Amino acid sequence: MLTKTQLIKLLGEHQQPTYRAAQILDWIYQKRVQSWEEMSNLPPALRQALAAEYPLRPLTHTLTKGSADTTRKFLLQLPDERYIETVLIPASPALYGEKSDRHTLCVSSQVGCAYGCKFCASGLDGFTRNLKASEIISQIILAEELSGEKVNNLVFMGMGEPLANFTNLTQALEIITSDWGLHIGARRITVSTSGLVPQIKKLALLPQQIRLAISLHGPDDETREKIMPVNQKYPVAELFEALRIWNANKKQKITLEYILIDGINATPQHAEILAKRARSINAKVNLIPYNTVEGLPWVRPSDDHCKRFRNILTKHQVSATLRLEKGHDIDAACGQLRLKKEKENRS
Ligand code: SAH
Ligand code: SF4
C-alpha cells in the first residue's frame, strides 16, 4: 500500500495531476474500497494500470479463533500461500476501567523470525520473509472489517522482529499515523523488539512519539543468553545504552517485557537485578507468565511464585503489571496457529 509521497510520484509517472492522490487515499483508507474498479472518479485506464501493480487486498482471511467478548485470533493467508496471525484484544475492564473502548490489535511484521528465542513459537520454523507495508496495513483493515470494531491501539507483538524489517515498518507507521491514512495516534502504537541496538537508535530519531517495548526476559547477560541468542550480538549493557538514547528522544516510558519461566529467569535475585535495570531507565515492567508452546520444554511458574516476583519489583518502586489469567488457548504466544496450519498443509 502506498504512502502519499509514493502515490504522488506514481501519478506523475502516469501523467496524472497530483490531486488524484487525495482521491485515491480517500478511497483506500477512508472509504475502504476492495478494488480499484470502485474508484469511480478516476479514469478507467488509470484504474486498470494501478490495479495490475498494486493489489488492494493482499491478504485472505482463512479462519478466526475466539469470540467477540474475548480475544480473537485471525489466521490470514498471503499471496505466496504463507500464513500470518493477527490478534484482536478487547478492552480489559480490570486494566482500563469499565468504560474503556480500547481495541488492541497485535500485528505480525514478518513470516517466521530469524532470532530464534528458545521459548518462542514464531522462531521455531525459522525465517521466511519480511512483510510488505501493505501486508502490515491490511491486517488492520481486515481486522476492522471482520470484527466491525475500530482498532485504536496497536502493538507490533505478533510474529516476527519488526526492527529487522525496518524500511517496511517505518513506511507502515507513516500510513498508520497520518491523517490521510489510518489516523491512529502514535502514542497508541507500541513496537516490540528483542533488542536490535542500531535500529532502536534509528527509530528513536523518528518524529512520531511511538512507544517501545523490549523483550528483555533476562536481566543479565548470563540469563538472557540462555534463551535469547540475540544477546550475544547486543549484550544487556549495550541495549540499555540504546534505551537511554531512546529516552532522550521520546516522552513515553519504555516497557520491559519479561516472561517468567521456571528455573530460568524467575528467582528473587533475578527480580532484584531487573528492578535495578528498570529504574536505571525509568521503565515499567510487564510480567508475562510463560505460555506453554507445544514441543518446547519450558514451564510456567505458579501464580504465587509470579506474585512474589512482582512484589520485589514493587518494593523497589518499579511499576509492574502481572496478568495471571491463563493465556487462553488462542491468546497464547503468536505464531502457534500459523505453525500448525503450515504443518498440516505440508503433511
Ligand atoms: N520479535 C519481537 C516482537 C514479537 S514477540 C519481540 O521479541 O519483542 C511478542 C512478545 O511475545 C515478546 O515479548 C515475546 O518474547 C513474547 N513471547 C514469545 N513466546 C512467548 C511465550 N511462549 N509465552 C509468553 N510470551 C511469549
Ligand atoms: Fe523472534 Fe520475538 Fe519470537 Fe524472539 S521473541 S523468536 S525475536 S518473534
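Some remarks on the domain arrangement of the protein chain
In many reports, interface size means the accessible area that the parts give up when they come together.
Okay, step 1: Domains assigned within the protein chain are domain 1 (1-56) and domain 2 (57-346).
Okay, step 2: Taking only C-alpha atoms into account, the centre of domain 1 sits 33 Å from that of domain 2.
Okay, step 3: Counting residues at the interface gives 14 residues for domain 1 and 15 residues for domain 2.
Okay, step 4: At the boundary of domain 1 with domain 2, total buried surface from both sides reaches about 1300 Å², with 52% on carbon and sulfur atoms.

A look at the site of ligand 2
Okay, step 1: Taken together, Cys113, Tyr115, Gly116, Cys117, Phe119, Cys120, Ser122, Gly160, Glu161 and Ser194 are the residues near ligand 2.
Okay, step 2: Of the residues contributing to the shell around ligand 2, the split by class is five nonpolar, four polar and one charged.

Some thoughts on the packing of helix H7 (residues 197-204) against helix H10 (residues 236-249)
Okay, step 1: In the contact formed by H7 and H10, the axes pass within 9 Å of each other and the chain directions differ by 5°. On the basis of the axis angle, H7 is roughly parallel to H10. Touching Val197, Ile200, Lys201, Leu203 and Ala204 of H7 are Glu238, Leu239, Ala242, Leu243, Ile245, Trp246 and Asn249, all from H10.
Okay, step 2: In terms of residue class, the contact of H7 with H10 is made up of nine nonpolar, one polar and two charged.

Side note on the nonpolar core
Okay, step 1: Residues Tyr29, Phe156, Ile176, Leu243, Leu256 and Val285 are the most contacted members of the largest nonpolar core, which totals 103 residues.
Okay, step 2: Ranked by the residues each element gives to this core, the list is headed by helix H5 (residues 133-147), at seven residues.
Okay, step 3: Counting only domains with at least three residues in this core, you end up with domain 1 (1-56) and domain 2 (57-346).
Okay, step 4: Each residue touching Leu256, except ones within four places of it in the same chain, is listed here: Ile214, Leu216, Phe240, Leu243, Leu274, Ala278, Ile281, Ala283, Lys284, Val285 and Asn286.

Re the packing of helix H11 (residues 268-280) against helix H12 (residues 303-315)
Okay, step 1: Between H11 and H12, whose axes approach to 9 Å, the crossing angle comes to 35°. Pair H11 / H12 crosses with right-handed handedness. Side by side, H11 and H12 meet where Pro268, His270, Ala271, Glu272, Leu274 and Ala275 of the first sit next to Phe309, Ile312, Leu313 and Lys315 of the second.
Okay, step 2: Taken together, the residues of the contact of H11 with H12 sort by class into seven nonpolar, one polar and two charged.

Examining the sheet that holds strand S10 (residues 255-260)
Okay, step 1: Strand order in the open sheet formed by ten strands is S1-S2-S3-S4-S7-S8-S9-S10-S11-S12, and the pairing between neighbours is mixed. Edge positions in the sheet fall to strand S1 (60-65) and strand S12 (320-322), since each has one partner strand and no second. If you compare each strand with its neighbour and ignore which way they point, the axes differ by 20° on average.
Okay, step 2: Strand direction decides the pairing type here: strand S2 (residues 72-77) and strand S3 (residues 83-89), joined by six bridges, are antiparallel.

Let's talk about the pattern of salt bridges
Okay, step 1: Evaluated as defined, the whole model comprises twelve salt bridges.
Okay, step 2: Residue Lys73 pairs with Glu85 through a salt bridge whose shortest N-O separation is 3.1 Å. Of this pair, Lys73 sits in strand S2 while Glu85 is found in strand S3, placing the two residues twelve residues apart along the sequence. As far as burial versus exposure is concerned, Lys73 and Glu85 are alike and both buried.
Okay, step 3: Shared partners join several salt bridges into a network, and the residues in it are Arg32, Glu144 and Lys150.

Details of empty space enclosed by the protein
Okay, step 1: One pass over the full model with this rule turns up one cavity of 30 Å³ or more.
Okay, step 2: Each pocket or cavity is described by its volume, and for the largest cavity that value is around 30 Å³.
Okay, step 3: Taken together, Met1, Ile28, Val33, Leu56, Arg57 and Ile141 make up the full set of residues lining the largest cavity.
Okay, step 4: Residue composition of the lining of the largest cavity, grouped by class: five nonpolar, no polar and one charged.

Notes on the pairing of S2
Okay, step 1: For S2, the buried fraction is high: five of the six residues fall into the buried class.
Okay, step 2: Here S2 folds back onto S3, and the loop between the two strands holds five residues, one of which, Glu81, carries a positive phi near 70°.

Examining the side chain of Asn265
Okay, step 1: Along the chain, Asn265 falls in the loop between S10 and H11.
Okay, step 2: Asn265 gets classed as buried once you look at its relative accessible area, which sits at 0%.
Okay, step 3: Among the polar contacts made by the side chain of Asn265, one reaches the main-chain carbonyl oxygen of His217 at a distance of 2.8 Å.
Okay, step 4: The contact partners of Asn265, leaving out residues within four places of it in the chain, are His217, Thr223, Ile227, Tyr258, Ile259, Leu260, His270 and Phe309.

Describing H10
Okay, step 1: In a regular helix each residue adds 1.5 Å, so 14 residues correspond to 20 Å; H10 covers 20 Å between its end C-alpha atoms and thus fits that length.
Okay, step 2: Those residues of H10 that fall on the buried side of the exposure criterion are Val236, Leu239, Phe240, Ala242, Leu243 and Trp246. Seen from one end, H10 has its buried residues packed into an arc of 155°, which puts them on one side. Opposite its buried face, H10 presents the exposed residues Ala237 and Ala248, each directed more than 90 degrees away.
Okay, step 3: Buried residues belonging to H10 abut H7, strand S9 (211-215), helix H8 (221-227), helix H9 (230-233), S10 and H11.

The rules behind the values
Residues numbered from 1 in each chain as written. Chains lettered and ligands numbered in written order. Predicted model: local features only at pLDDT ≥ 70, side-chain atom pairs only at ≥ 80, totals over all residues. Heavy atoms only, no water. Domains from an automatic or database assignment. Contact = heavy atoms within 4.5 Å. Buried area = accessible area lost by both parts, 1.4 Å probe. Near = heavy atom within 4 Å. Nonpolar A, V, L, I, M, F, W, Y, C, P; charged D, E, K, R; others polar. Axes fitted to C-alpha atoms, helices over the stretch in contact; angles between N-to-C directions. Helix = DSSP H or I, 4+ residues; strand = E, 2+ residues; numbered from the N terminus. Parallel < 35°, antiparallel > 145°, perpendicular 65-115°, else oblique. Core = buried A, V, L, I, M, F, W, Y, C linked by side-chain atoms within 4.5 Å. Buried < 20%, exposed > 50% of the residue type's maximum accessible area, 1.4 Å probe, protein only. Left-handed = near helix turned anticlockwise from the far one by under 90°. Pairing = 2+ DSSP bridges. Salt bridge = Lys/Arg side-chain N within 4 Å of Asp/Glu carboxyl O. 1 Å grid on protein atoms, 1.4 Å probe; cavity = no way out; pocket = protein on both sides within 12 Å on 5 of 7 lines; lining within 4 Å. Points joined across faces, edges and corners; volume = space filled by probe spheres on them. Polar contact = N/O pair within 3.5 Å; in protein donor to acceptor, adjacent residues only side chain to side chain. Expected span 1.5 Å × (residues − 1). Arc of directions from axis to C-beta.

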